[in-house]
Amino acid sequence: MSDTKHFFVSYNKADIRWAEWIAQKLEDNGYGVQIQAWDSRPGMNFIAWMQQASVDCDRTLAVLSPDYFTGKFSEMEWTAALYDGKLLTVRVADFQVPGLLGPIGYIDLVGTAEEETLDRLLKGIQAGRAKPDKPLPFPGHFAKASSLRFPGTLPAVWNVARRNPLFTGREELLDTLKTTLSSGHSAALTALAGLGGVGKSQLALEYAHRYQADYELVWWFAAEESTSVFSGFSALARELDLPEHDASEQIVVVQAVLRYLHQRRGWLLIFDNAEDPEAIAPFLPQGAGHLLLTSRNPNWTGIAKKLEVTTWPREEAVDYLLKTAGLDDRAGAGRLAHTLGDLPLALAQAAAYIAASPGMRSYYDYVALFNTQRAALWAAEEKPHGYDQTVGTTWTMAMKRVEDEAPAGTLLLRLCAFFAPENIPIGLLERLAGHASDLQADLLQNPIAWNSGLAALAKYSLVTRSDDGISVHRLVQTVTRDRMGKEEEARWREHALALLIDAWPGDDYRQWGDCEALLPHAQACAERVETGDAESEHFAKLAALMGYFLDARGLYGSAEPLYQRALLARERVLGLEHPSTLTSVNNLAS
């Protein structure tokens, strides 16, 4: 490579394979290149490196795709280069280049084979440049994964669905996934485990497309049922034209494919919705390839390194809504993201509904519908692009399996539906045992049944477990409540109120830390109680306890409305002269 720094390559991480391919070809033809993927190393100040690289290089080469215009630093890089007269652009996706870059001529690398694309690149950067006498040969079948194959061609064997053009964010997780799969093990296995609707399959799909140039075989298996896994192996055997592809015994076909992969490199197998580690283990090949699983089950110890897929960070959730719903209101998008718990499936469903509904003039309109007519709204919505289910159905199967496998888990989930979603104390849940005989809570008196119930909820990612508590996504809570009838919901709400009263510490200030831990759950439960007929003595007592705690801490503005609701409830339920009612009068007067 020349010591002269000719080109600073500006790109979005979604196009990293194009950027690296271009950089490699330029260096192989004697040009000096600066590119973040190779030259900005851990420990460096990235902003300072980017500034210095763009100044030192003769030209800035911008790799243009729709993703390029969503990058955090892309605009700074190309505008600075345009101002200095150093900008050169390369189009790598079939789209209309927007804004100020639209009228500027670009080197078009879309829709051509590798040899012609290289020719266009070299001629574009320097008119009259001759094509190299010995260009890098196109990598052969199952070449080493480190070879940079031309990004414009699919792997030789490929059955992956089309890329989702609306995919947003997840850059850190994609980088971690790439590092894990490239860790040097003979078969690096990664499980993307997480709540249904959180975007595990979408992440796997984006990874397959983004790094397709690293592989010569990429095969996607629907892995929820063993029959579909067998079907996937049969289809792969036919695609590879293996002699055993039409064998009558399915296990023969599977073994033939596994032997074939064991002798090759440069492959990626994706098992989507794999639930049982023991059931999927016989289908996992050994060798110099990559395996990727998506699963709600977090228990892959000994088989896979688990990467937890959580909900979107709020900023990414808002960015997605602004990009897809057609409404430019960041504050409103933030409110909707909060209401839907930043869950990708719910946000995709909402954005599709808003975009298709002329009457939706703001994100707040959708929030209002969600809060008042959720059942009708979900019934009217369709599954969004890239997802197999809607929010209303995505957890139904998991909840049914918990009910069949460990009924105690169903009881725990119903109880959790009335608390705050984060950090529900295990000690609070344990109080249900023996407390609610009408709800079959005697199941929870058996430690084995209790542990099985909690394990089943974790297995299907309906809850996440910490050392002393569990967390539940707010929409899982919503769906759980929606599945109850009104009478059943009222019973569970009363039991939740009663458990909080039982667990509430005394008025000793030394116990205020325990009160702090229970307060968000008491507030959430109280919010589920409507003013009026639904209020009960349980509610009144809990409201009074919360009010007293906040009053003692000097939070008078928060304490007063709780005292007021406690008084109103006791007047309705106990009468004006009851001692508890008079206590509430005294508290409010104070």
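Anything mentioned here points back to the structure above.
Note that the coordinates shown come from a computational prediction; the quantities given were computed from them, not determined experimentally. Every chain's residues receive numbers from 1 upward, in the order its sequence appears when written. Restriction of local features to residues with pLDDT of at least 70 applies here, the model being predicted, together with a cutoff of 80 or more for giving and counting side-chain atom pairs; totals for whole chains, interfaces and linings are based on all residues. Processing note: side-chain calculations cover all non-hydrogen atoms of the structure and skip hydrogens and water entirely.

Segments assigned H or I by DSSP are reported as helices when at least four residues long, segments assigned E as strands when at least two residues long, and all are numbered from the N terminus. Along the protein chain, the regular secondary structure elements total 26 helices and 14 strands. Once the C-alpha set of the protein chain is aligned to its principal axes, its extents read approximately 100 × 65 × 50 Å. Intrachain contacts of the protein chain at a sequence separation of at least 6 include 70% that bridge at least 24 residues. For the accessible areas, the method is Shrake-Rupley and the probe is 1.4 Å, while residue cover comes only from the protein chains on display. For the protein chain, the computed accessible surface area is about 27500 Å², with 49% contributed by carbon and sulfur atoms. Only four residue types enter the tally: Lys and Arg on the positive side, Asp and Glu on the negative side; His and the chain ends are excluded. A single reference atom marks each charge: NZ on Lys, CZ on Arg, CG on Asp, CD on Glu. Between the centroid of the 55 positive side chains of the protein chain and the centroid of its 75 negative side chains there is a distance of 3 Å. Pairs of residues are marked as contacts when any of their non-hydrogen atoms sit within 4.5 Å.

A pair is scored as a salt bridge if a Lys or Arg side-chain nitrogen falls within 4 Å of a carboxyl oxygen belonging to Asp or Glu. Evaluated as defined, the whole model comprises 23 salt bridges. The salt bridge partner of Asp 56 is Lys 5, with a shortest N-O separation of 3.7 Å. Remark: Lys 5 occurs in the segment before β1 (7-10) and Asp 56 occurs in helix α3 (residues 46-56); sequence separation between them is 51 residues. Relative accessible area decides the class of each residue, using a 1.4 Å probe on protein chains only: under 20% of the type maximum gives buried, over 50% gives exposed, and in between gives partly exposed. Judged by its relative accessible area of 34%, Lys 5 is partly exposed. Arg 17 serves as the salt-bridge partner of Asp 214, at 2.7 Å between the closest nitrogen and oxygen. One end of the pair, Asp 214, is in the loop between α7 (200-210) and β8 (217-222); the other, Arg 17, is in helix α1 (residues 16-28), with 197 residues separating them in the sequence. In this pair, the class of Asp 214 matches that of Arg 17, namely buried.

Along the chain, Pro 384 turns up in the loop between α15 (374-380) and α16 (391-394). For Pro 384, a relative accessible area of 6% gives the class buried. Separated by 137 residues in the primary sequence, Pro 384 and Ala 247 have C-alpha atoms spaced 39 Å apart. The contacts of Pro 384, once residues within four sequence positions are left out, are Leu 345, Ala 348, Gln 349 and Gln 389.

Fitting a line to C-alpha atoms yields each axis, with helices limited to the stretch in contact; the angle taken between N-to-C directions then spans 0 to 180 degrees. One can describe the packing of helix α18 (residues 407-416) onto helix α20 (residues 447-459) by two numbers: an axis separation of 7 Å at closest approach and a directional angle of 70°. Comparing the axis directions of α18 and α20 gives the class roughly perpendicular. Helix-helix and strand crossings are classified by hand; for α18 and α20 the assignment is right-handed. Where α18 abuts α20, its residues Ala 408, Gly 409, Leu 412 and Leu 413 lie against Ala 449, Trp 450, Gly 453, Leu 454 and Leu 457. Here the residues of the contact of α18 with α20 sort into seven nonpolar, two polar and no charged. For classification purposes, angles smaller than 35 degrees are called roughly parallel, those larger than 145 roughly antiparallel, those between 65 and 115 roughly perpendicular, and all remaining angles oblique. Two helices crossing with the near one rotated counterclockwise from the far one by less than a right angle form a left-handed crossing, whereas a clockwise rotation gives a right-handed crossing. Put simply, Ala, Val, Leu, Ile, Met, Phe, Trp, Tyr, Cys and Pro go in the nonpolar bin, Asp, Glu, Lys and Arg in the charged bin, and everything else, Gly too, in the polar bin.

With that settled, the discussion passes to the nonpolar core. The nonpolar core is taken to be a set of buried Ala, Val, Leu, Ile, Met, Phe, Trp, Tyr and Cys residues, with the residues joined through side-chain atoms within 4.5 Å. If you look at the biggest cluster of nonpolar residues, it comprises 136 residues, and the most contacted ones within it are Leu 26, Trp 395 and Leu 462. Broken down by element, the residue count for this core peaks at eight residues, all from helix α24 (residues 537-552). In contact with Leu 462, other than residues within four places in its own chain, are Trp 395, Ala 398, Met 399, Val 402, Leu 413, Leu 457, Ser 471, Val 472 and Val 476. Membership of the second largest hydrophobic core comes to 32 residues, among which are Val 157, Ala 256, Leu 291 and Leu 293.

Where burial is concerned, the two faces of β1 agree: the one with Phe 7 and Val 9 and the one with Phe 8 and Ser 10 are both buried. Strand pairing is defined by DSSP finding a minimum of two bridges between the two strands. Sheet topology places β1 next to strand β2 (residues 33-35); three bridges connect them, and they run parallel. Each bridged residue has a counterpart across the sheet, and for Phe 8 the counterpart in β2 is Gln 34. Crossovers are described as right-handed under a simple rule: with the strands pointing away from the observer, the path leading from the first strand over the helix to the second runs clockwise. Traced from β1 through α1 to β2, the parallel crossover comes out right-handed. Relative to strand β3 (residues 59-64), β1 runs parallel, the two being bridged by four bridges. Looking at the pairing, Phe 7 lines up with Arg 59 of β3.

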